[in-house]
Amino acid sequence: MRIWIAVSIAIGLGLVACTAAQAVLLGEIFAVLLHPSAGIRGIVSKLVGLGAVTLVRSLLLALSAPAGAVAANRVRGQLRRDGLAAVLDHGPAWLADERVGELAVTLGKGLDSLDTYIGDYLPRLVLAVLAPMFLLGVIADLDWLSLIVVLAALALVPLFMVLIGRLTEERVAQRWLALTTLGAHFLDAIEGLATLRAYGRARLQEQQIGKVTEEVRRTTLSVLREAFLSALVLETLATIGTALVAVPLALRLIDGQVGLAPALSVLVLTPEVFLPIRRASSDFHASIEGLSATDRVMEILEPERDSNPVQVIGEESTSKDSTASSIELLSESSILSVSSSTGYEQASNPSAPLSLHGVSVRYGRQAGMVLDSIDLELLPGERLAVVGPSGAGKSTLLTTVLGLTPYSAGSIALGKVFQAEADAEWWRAQFAYVPQAPRLFAGTLMYNLFLGHPELPSSDEYLHGVLEAACLSSLIAGLPDGLATEVGEGGERLSAGERQRVAIARALLRTGAGVVVLDEPTAHLDVATEAELAAHLDVTIEGRTLLLVTHRRRMLELVDRVVVLKGGRISEDTSNDTRRPRLSPSTDGSVPGRLLAGSEMPQ
Amino acid sequence: MSYRLSSELSNESVPDHGRILVGTARPESRRVLLAVLVGSVGQLSALGLMATSAWLITKSSLRPPVLALSVAIGAVQFFALARGAGRYGERLAGHDVALRILARLRVWVFRRLEHLVPGGLTGVGSGDILARLVSDVDATQDLVVRNVIPLAVGGITMIGAVLFTMLVLPPAGVVLAGGLFLAGVVIPATARVVGRSFSRSLSANRGRLANQLVEAIEGVADLISFGAVVKVLARLERAEQAISRIVRNSAVVSGVANGLGATVTGMTTIAVVAVGAVAVGDHRLSGVAVATLGFVSLAAFEAIAVLPESFARIDQALGALKRVEGLAQMRPPVVDPLHPDRLMPGPAVLALHRATVSYRSAVSPAIEGVDLELAPGKRVALVGPSGAGKTTITLVLLRFIELDAGSITLDDVDCRRIAADEVRSKVAWAPQEPHVFATTVAANLRLARPDASDADLVRILSSLGLSRWLAALPRGLDTMLGQNGATISGGERKRLGLARALLAERPIVVLDEPTAHLDDVTECQVRQAVLGATTGQSLLWVTHRLVGLEDFDEVVLLDRGRVIERGSFTSLLSRDGAFAKLLAASLPNGHLDGRGH
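The numbers attached to residues start from 1 for each chain and follow its sequence in the written order. For naming, the first written chain is A and the first written ligand is 1, with later ones following in the order written. For a predicted model such as this one, the threshold for reporting local features is a pLDDT of at least 70, and the threshold for listing and counting side-chain atom pairs is 80 or more; totals across whole chains, interfaces and linings nevertheless cover every residue. Excluded from the side-chain calculation are hydrogens and water; included are all heavy atoms of the structure.

## A few points about the overall build of chain B
Moving on, step 1. Counting secondary structure elements, chain B contains 18 helices and 10 strands.
Moving on, step 2. Here chain B holds 597 residues, and the buried ones make up 61% of them.
Moving on, step 3. Here a residue-residue contact requires only that any non-hydrogen atoms of the pair lie within 4.5 Å. Contacts in chain B between residues far apart in sequence, at least 24 positions, make up 76% of those at least 6 positions apart. Each helix is a run of H or I in the DSSP string that is no shorter than four residues. Each strand is a run of E no shorter than two, and both are numbered from the N terminus. Under the scheme applied here, a residue whose accessible area is under 20% of the maximum for its type counts as buried, over 50% as exposed, and between as partly exposed, the area being computed with a 1.4 Å probe on protein chains only.

Rendered as C-alpha cells:
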C-alpha cells in the first residue's frame, strides 16, 4: 500500500513539473507574439514543445487514478476484514450493547467512503507540501518580487486553516454520529414496521424520520457553513494572490523592470501554487466519513483479544494453529488444519465430565446476578434438563457453558480442561448447540446444515439419518432443488419451525461434539413433530452428553436428571424417573402420530 | 410463515427513471436554480480574473499610461473576490437543497415501505433495506450536489468562454468550443458509458456486502458456536475482492479518460494560440488579445475540470436512485378503496368466508376455504402444526395480505370497501416475533396506546408475570431496551408484545403463538391474564400447543391450510376425531397431563 501511495505522489510531482514547463513555454510564446515584428516563426518549435509536455502530462494523469484505487482497495479490505473478524470475535455478549445497524453501516458504507481518503487525499496531502515548494522555486527563478507576494499569501493559509479547522472538526464528528444514529433508527423503524402499522403508528414514525433527517440537515449545514469557510479562504487567497501578483507585475512591466515572458509564466503558476492545497482540503471534507468509520473500526478492534493459550492437560496437540489470526485462517490449507486440530474425532467420545463450580454471571448494566454460583456436574453420556421460569437464566447458563457469555466467578471444565485456559475454538468444537432463536444464513440448505464443517462430507448416509431425525426429510423431498434450495437471508423462506429443525440437524451433524446443548429446541414445533423429534433424538444422541433447556414435558422424557433454575440459582436437582428406556416413535403409522407432522400427511 | 413474493411489477404505469427524484425535487427547484446561478457567477469570475490579468500584464509590457490600466486593475480585484464568494454560495445552497430533497426522499421511501411491510416484501432482507435507505438515498443527495449543479454551472461557463472567444477571434472560438465539448462532454460521457457496468455492479456488490455484514453480526452466536466464523470471513473476502476488482477497473477507465481530457485541453490551448498567432501574423489581431484568449482557454478548461467526475458519478447515483425507485414498482399487497366506507366505533365482527391465499412461490395454497368468525365475547383457539397457515390467517385478519379467493368482512361489510387502517384499528395484534424498539420500556408499550398511564403499564406487565423483571430494570419503565431487545429474553420479549396487544383495548385481539417461549407455569399465568383482560373482546389465540383449550368457545384445527375440525373443546373430545387423537398422542402417559384443570 505504501508503495502505491508513493507512486501516486511521484505521479503528482511529475504533473507539477509539466505544469511549470507549460507555464514557461506559454510565457515565451506570448512574449514573441506581442512583438510580431521580430518574426513569429520561432514559436512553432515552442508550440511543438508544449504539445510534447501535454502528452507526458496526459500519460501521468492516466496512471494516477489506478494507482490510488489499488492503494485504497488494500486498506479498505484489510479494515473491513479485521473489523468484522473483531465483531464476531467479541461475540454476543459484547454485541448486546451495540447496534447491529450502526455496526453494519460503519463496516459497509463507512469504509466504502474511505476510498477517497486513501486514493486521493493521502497522496494529495503530501503533494500539498511538495508541489508548492517546487513551484515556488520556479517562480523564484522567474521573478523574485512575485515570490515574496505569493509567499505572503501562502503564509496566511496555515493561519486560517488552523483557525477554521479547530472550529469544524468536532462538529463534523457530531454529524457522523447523527448520521449513524439515523441509520440505526431506520433499521429499527423498518424491522418494527408491521407492529407500527398494526397500531396505526407508522404515520408518526414517518414524521419522526422527516424530523430526524431535518435535524441532520441543520447539523450538517451548520458544519458545512464553517467547513466550506476553509475552502472559501483558500480559494480567495489563491485568487487574491493572483491579483496581487498581476498588478505589481503590470506596474513593473511599464517600468521595464521585468520581462513579459517571466511575468506571464508567473501569472500562470500563481494559482497552481494554491491548487494542491485546495485539492487536499476539499478531499479531506469528502473523506471525513471514511475517517470516522476508520476510527470506529479501531474502537471495535480495541478490546484486545485474549490470545487464549492452549493448555490441555493430558490431551496434547489439540490445537496449536487455531490461535492463528483469522486472516491466516482464510487460506484453505489452514482451514483444514484447524479441523484436524480441533479434536474432531476424539471428542465424539465424551469421556470427560462437564463441571461447573461456583459459576456466576452478571450483565454489565443490570444490577442483579443472572447466574449465582452455579455448581453442576454432568457425567459423560448423562442427560440433563434445565427447567425454570422465564428469565431464570437458563439460556445464559447454556451460553456460559459454551463460552459465549463471560462469567465473573467460578470455573467451568471439561474433564481436566478449564474453559478459561482452553483454546476457544477447541472448546466450542466440543458442543453441538441449538440456540433459542437459531439463525440461518443466506445460502443453500446444505450450506446451513454444514455450517460447522470446513467442507461438505463425501458420504451422505449419516446426513440422511440426521435429516430424518430432525424431521426434515419430507420437507426437503418436497423442495424442487432439495438440499440445494436457497433459504434466503436469515432463512426467511422457511417457517420458524422449519428453521428450528434445520438448526437441530445442523447441531446433530457436528459429530465431533460430545455435548449436545439444546435451548428450547421444540418451541416452534407442534406436539406431533415434537414427539417424533424427541423419539429420533433419543436414538441419535445415544452416548452423548445432553444439556437441554425446555418447557415441554415430552422433551423431559429424554433426560435422566432435571435441574430447576430460579433467579439464577439451582433450586432443585432431581433424577428423572419418567424417562423410559426407549420410546416407540410416533411415526408408527397411526393416524394421530402423522397427523400433525405436516409433511407426513398422506396426499 | 412466509410472505408473499412481491417482485412482481404493478399493472400501473411504471414510473420513468428519475421521476421520483424529480417529483421530490420539484418543490425545491428555486433553490436548485439559485445554486446554479451563484455557482456560475463564481466560475465566470475565474474566467474574468485570468482574462483581465493576462490583458493587464501583456498590455503593460507595451508601456501604456498607468491610468489606462486602472479599470483592468479594478476588475482583477473584483473578480478575485467574486470567485471565492460565488463558489462558497454554490456549495452551501447546493448542499442545503440536496439535504432538503433527501428528507423528502427518506419520508417517501418509508411511506412506500409502509404499504409493503409485512407481506409485500421478500428477497429483500433488513440489511438490504438498510443499504437502500442509507446508501442509496444518500447517493441521490450526491446526484444534486455533484451532478446536476456542477453540470449546469459547467455548461454555462463553457458557453461564456466560447462566446467571449468568438467575439475576439471567431476561428479560435470554434476551436475552443470543439475542445471544451470534447473534454467536457464527449470524453466524460464515453467514459460513463464504458464505466456504467462497473458502477452498476459496484452498487449491487456493496448492497450484497451490507446484507452479509448484517447477517453475520446478527448470527454471531451461531457462527461462533459452530466455528463458522472463518467461513463467513471467507465469504466476505470474496465479496470484498469483487468490489476491489470493480474499483480498480473503473479507476483504469477514468484514468484513460483523464489522460485523454488532458491531451484535449493542452492541444486546444495550443491550437487557440496557433490560430491567434496566424491572425497576429496577418495583422488582424494584437498579441495582447491572443495572450488573453490563451489564458481564457486555460481558465475555461480549469472550470470544467469537475465535469468528468460528475459524469463518472452519475451512474453510481442513478443506479442507487433506480433501486430506491424500485420500491415504487412493488405492488402493495392490500390496496385501499378510493371511497372507503366509514366504520362505526365499538365492537365489530370480523369474519373470513372461504378464505384462500396462495403464495406465488408455493405449490399449494397457504390457506384454502377457511371460515372464521371473531365476534364480541367469543374466544377462538386456532390450532395446528407449524406451516399449517396459522400466521397467514393472522396477516389476513390484519389486512396485511389480500385474499386470492373468498372474502373478509367486518360487520358484514367487505373489507375491500374499508381502508385497511380502519380495519386494523379494530384489531390488537401480538406477532410471533414481536419487535422491541430501541427505546424505553414505556415507549415500547405506549405505541399501542399513547395515553396509557404508568400505572396501566405496570398493571399489565405484572399481570403477565413481568413485575419482577420490571423491578430488576435499572430505570424501571424508563429503561432503554437494546437493538432488537437484545438485553431481554425471548419470553420477556414475547410478553412485551402481548402487553401491547392487551393495552390497546381494541375489540378484536389476535395473538400469534403467545406462549411459545414460556414455561408451563408462566404459560398458564399468561393465558389466564389474557383471558381475564379480554373479557367481552373477541380473541383469536393462535397456537400449536394443545394446552388450556377448554377455556375457549371454539377450537379450530388447521392442517395444511384447511380447517379439518372445529367445535368446542369438549365436543371435539367427544367426537373422537382428529383433534381427540392428537390430544391423546401428545399426552402419551396419563400422569404427564398435569395441565388439565
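## A look at the overall build of chain A
Moving on, step 1. Scanning chain A from N- to C-terminus turns up 20 helices and 10 strands.
Moving on, step 2. Across the 603 residues that make up chain A, the buried fraction comes to 58%.
Moving on, step 3. Taking the contacts inside chain A whose residues are at least 6 apart along the sequence as the reference set, 76% of them involve residues at least 24 apart.
Moving on, step 4. In the form shown here, chain A has an accessible surface area of approximately 23,500 Å², with 58% of it arising from carbon and sulfur atoms. Accessible surface is estimated by sampling points in the Shrake-Rupley manner with a 1.4 Å probe; for residues, cover comes only from the protein chains shown.

## Remarks on the packing of helix H3 (residues 100–112) of chain A against helix H5 (residues 170–218) of chain B
Moving on, step 1. Between the N-to-C directions of two axes lies an angle of 0 to 180 degrees, each axis being a line fitted to C-alpha atoms and, for a helix, fitted only over the stretch in contact. At a minimum axis separation of 9 Å, H3(A) and H5(B) run at an interaxial angle of 150°. At the point where H3(A) passes H5(B), the crossing takes the right-handed sense. Every residue of H5(B) that contacts H3(A) at Val100(A), Leu103(A), Ala104(A), Leu107(A), Gly108(A) and Asp112(A) is listed here: Arg206(B), Leu213(B), Val214(B), Ile217(B) and Glu218(B).
Moving on, step 2. Residues of the contact of H3(A) with H5(B), tallied by class, amount to 7 nonpolar, 1 polar and 3 charged. What makes a crossing left-handed is the near helix being turned counterclockwise from the far one by less than a right angle; a clockwise turn instead makes it right-handed. When residues are grouped by polarity, Ala, Val, Leu, Ile, Met, Phe, Trp, Tyr, Cys and Pro land in nonpolar, Asp, Glu, Lys and Arg in charged, and all others, Gly among them, in polar.

## Notes on the sheet that holds strand S3 (residues 383–387) of chain A
Residues and elements named next belong to chain A.
Moving on, step 1. Strands are treated as partners if at least two bridges between them are detected by DSSP. Spatial strand order, S6-S7-S8-S3-S9-S10: 6 strands in an open sheet with mixed pairing. Only two strands of the sheet have a single neighbouring strand rather than two, namely strand S6 (431–434) and strand S10 (569–575). The mean inter-strand angle of the sheet, taken between neighbouring strand axes irrespective of direction, is 15°.
Moving on, step 2. The pairing of S3 with strand S9 (residues 561–566) spans 4 bridges and is classified as parallel. Across the sheet, residue Ala385 finds its bridge partner in S9, namely Val562.

## Overview of a nonpolar patch on the surface
All names here are of chain A.
Moving on, step 1. Taken together, the side chains of Leu13, Leu125, Val126, Val129, Leu130 and Met133 present a nonpolar region at the surface, about 460 Å² in accessible area.
Moving on, step 2. No other element matches the 5 residues that helix H4 (residues 114–142) contributes to the nonpolar patch.
Moving on, step 3. Looking at where Met133 falls in the secondary structure, it is placed in helix H4.
Moving on, step 4. Classification of Met133 by relative accessible area gives exposed; the value is 55%. For patches, a residue must show more than 30% relative accessible area and have no salt bridge; joins then use 9 Å for like charges and 5 Å for nonpolar side chains, namely Val, Leu, Ile, Met, Phe, Trp and Tyr. Put simply, a salt bridge is a Lys or Arg side-chain nitrogen that is within 4 Å of an Asp or Glu carboxyl oxygen.

## With respect to the side chain of Asp143(A)
Moving on, step 1. Mapped onto the secondary structure, Asp143(A) falls in the loop between H4 and helix H5 (144–191).
Moving on, step 2. With sequence-adjacent residues up to four places away left out, Asp143(A) is seen in contact with Leu249(A), Arg252(A), Val258(A) and Val266(A).

## Side note on helix H16 (residues 520–533) of chain B
Moving on, step 1. Multiplying one less than the number of residues by 1.5 Å gives the expected span of a helix. Between its first and last C-alpha atoms H16(B) spans 20 Å; for 14 residues at 1.5 Å apiece the expected length is 20 Å, and the two agree.
Moving on, step 2. Looking at the buried positions of H16(B), the neighbouring elements they touch are helix H19 (553–556) of chain A together with strand S3 (379–383), helix H13 (454–463), helix H15 (490–504), strand S7 (508–512) and strand S8 (538–543) of chain B.

## Concerning the environment of Glu505(B)
Residues and elements named next belong to chain B.
Moving on, step 1. Mapped onto the elements, Glu505 comes out in the loop between H15 and S7.
Moving on, step 2. The exposure class of Glu505 is exposed, given its relative accessible area of 52%.
Moving on, step 3. Spatially, the C-alpha atom of Glu505 lies 9.0 Å from that of Lys426, the residues being 79 residues apart in sequence.
Moving on, step 4. Excluding its chain neighbours within four sequence positions, the residues that come into contact with Glu505 are Arg449 and Gln537.

## Description of the interface of chain B and chain A
Moving on, step 1. With 170 residues of chain B at the contact, the number on the chain A side is 163 residues.
Moving on, step 2. Using a 1.4 Å probe, buried area is obtained as the accessible area two parts lose upon being combined, added over both of them. When chain B packs against chain A, close to 15,100 Å² is buried across both sides, 67% of that on carbon and sulfur atoms.
Moving on, step 3. Inspection of the region where chain B meets chain A yields 10 salt bridges.
Moving on, step 4. Pairing of N or O atoms within 3.5 Å defines a polar contact, subject to two protein rules: one partner must be a possible hydrogen donor and the other a possible acceptor, and residues neighboring in sequence count only if both atoms are side-chain atoms. Across the chain B-chain A interface, the total number found is 24 residue pairs in polar contact (both at pLDDT 80 or more).
Moving on, step 5. In terms of residues, the side of chain B that touches chain A owes the most to one element, helix H7 (residues 229–281) of chain B, which gives 31 residues.

## Topic: the pattern of salt bridges
Moving on, step 1. For the coordinates displayed, the defined rule picks out 49 salt bridges over all chains.
Moving on, step 2. Between Arg569(A) and Asp372(A) there is a salt bridge; the shortest N-O distance is 3.1 Å. One end of the pair, Arg569(A), is in strand S10; the other, Asp372(A), is in strand S2 (residues 369–378), with 197 residues separating them in the sequence.
Moving on, step 3. Overlapping salt bridges, with partners in common, bring together Glu214(A), Arg217(A), Arg218(A), Glu28(B), Arg31(B), Asp96(B), Arg100(B) and Arg104(B) in one network.

## Concerning the pairing of strand S10 (residues 562–567) of chain B
Moving on, step 1. Relative to S10(B), strand S9 (residues 554–559) of chain B runs antiparallel, the two being bridged by 5 bridges. Considered in S10(B), the bridge of Asp559(B) is made with Arg562(B).

## So, the sheet that holds strand S5 (residues 413–414) of chain B
Residues and elements named next belong to chain B.
Moving on, step 1. The 4 strands lie next to each other as S2-S1-S4-S5, forming an open sheet whose pairing is antiparallel. Two strands close off the open sheet at either side, each with one partner strand: strand S2 (367–374) and S5.
Moving on, step 2. When strand S1 (residues 350–357) meets strand S4 (residues 405–410), the two strands line up antiparallel, connected through 5 bridges. Note on S4: the bridge partner recorded for Thr356 is Ala405.
Moving on, step 3. Helix H10 (residues 390–397) contacts S1, S2 and S4 of the sheet and is inclined by roughly 60° relative to S2.

## Focus: H15(B)
Moving on, step 1. Here H15(B) contains 15 residues, and its C-alpha end-to-end distance of 22 Å stays within 8% of the 21 Å for a straight helix at 1.5 Å per residue.
Moving on, step 2. Summarising burial for H15(B): 15 of the 15 residues are buried, a large majority.

## Some points on the environment of Val334(B)
Moving on, step 1. You can see Val334(B) is positioned in the loop between helix H9 (307–329) and S1.
Moving on, step 2. Here Val334(B) is in contact with Arg399(B), Phe400(B), Ile401(B), Glu402(B) and Ala420(B), once residues within four sequence places are set aside.

## Here we look at the pairing of S9(A)
All names here are of chain A.
Moving on, step 1. By the criterion of burial, S9 is predominantly enclosed, with 5 of the 6 residues buried.
Moving on, step 2. Relative to S10, S9 runs antiparallel, the two sharing 6 bridges. In the sheet register, Leu565 faces S10, and the bridge partner there is Ile570.

## Considerations on unusual backbone geometry
Moving on, step 1. Its identity is not glycine, yet Ser373(A) carries a phi of approximately 25°, on the positive side.
Moving on, step 2. By relative accessible area, which is 37% here, Ser373(A) ends up partly exposed.
Moving on, step 3. One non-glycine residue, His283(B), adopts positive backbone phi at about 60°.

## Overview of the packing of aromatic side chains
Moving on, step 1. Any two of the Phe, Tyr and Trp rings considered here, Trp counted by its six-membered ring, make a pair once their centres fall within 6.5 Å; the pair's planes then place it as stacked at under 30 degrees, edge-to-face at over 60, or tilted in between. Under the definition given, this model contains 6 aromatic pairs over all chains.
Moving on, step 2. With a centroid separation of 5.8 Å and an interplanar angle of 50°, the aromatic rings of Trp541(B) and Phe552(B) are classed as tilted. Taken as a pair, Trp541(B) in strand S8 and Phe552(B) in the loop between S8 and S9 lie far apart in primary sequence, 11 residues in all.
Moving on, step 3. Trp541(B) gets classed as buried once you look at its relative accessible area, which sits at 2%.
Moving on, step 4. Placement of a positive charge over a ring is assigned whenever Lys NZ or Arg CZ falls within 6 Å of the ring centre and within 35 degrees of the normal to the ring plane. The positively charged end of Arg506(A) is found above the aromatic ring belonging to Phe226(B), 4.6 Å away from the centroid.

## Points about the packing of helix H2 (residues 43–95) of chain A against H5(B)
A pair of packed helices is captured by two measures, namely the crossing angle of their axes and the spacing between those axes.
Moving on, step 1. At a minimum axis separation of 10 Å, H2(A) and H5(B) run at an interaxial angle of 30°. What the angle tells us is that H2(A) and H5(B) run roughly parallel. On the side of H2(A), the interface is formed by Arg80(A), Leu84(A), Val87(A), Leu88(A) and Leu95(A), while H5(B) contributes Leu209(B), Leu213(B), Ala216(B) and Ile217(B). Any angle between 65 and 115 degrees counts as roughly perpendicular, while under 35 counts as roughly parallel, over 145 as roughly antiparallel, and the rest as oblique.

## Concerning the confidence of the model for chain A
Residue and element names in this part refer to chain A.
Moving on, step 1. Scored between 0 and 100, pLDDT is the confidence that the predictor attaches to each residue. When pLDDT is averaged along chain A, the result is 77; 81% of the residues meet or exceed 70.
Moving on, step 2. A low-confidence stretch, residues 304–348 (pLDDT under 50), is modelled with 71 contacts involving residues beyond four sequence positions or located in other chains.
Moving on, step 3. For residues 579–603, every residue scores under 50 in pLDDT, and the model assigns this stretch 55 contacts once sequence neighbours within four places are set aside.

## A few points about the environment of Thr515(B)
Residues and elements named next belong to chain B.
Moving on, step 1. Turning to its location among the elements, Thr515 is positioned in the loop between S7 and H16.
Moving on, step 2. Along the backbone, Thr515 and Gln432 are 83 residues apart, and their C-alpha atoms lie at a distance of 9.4 Å.
Moving on, step 3. Setting aside residues up to four positions removed in sequence, Thr515 forms contacts with Glu523, Val526 and Trp541.
Moving on, step 4. Only 3.2 Å separates the side chain of Thr515 from the side chain of Glu523, close enough to count as a polar contact.

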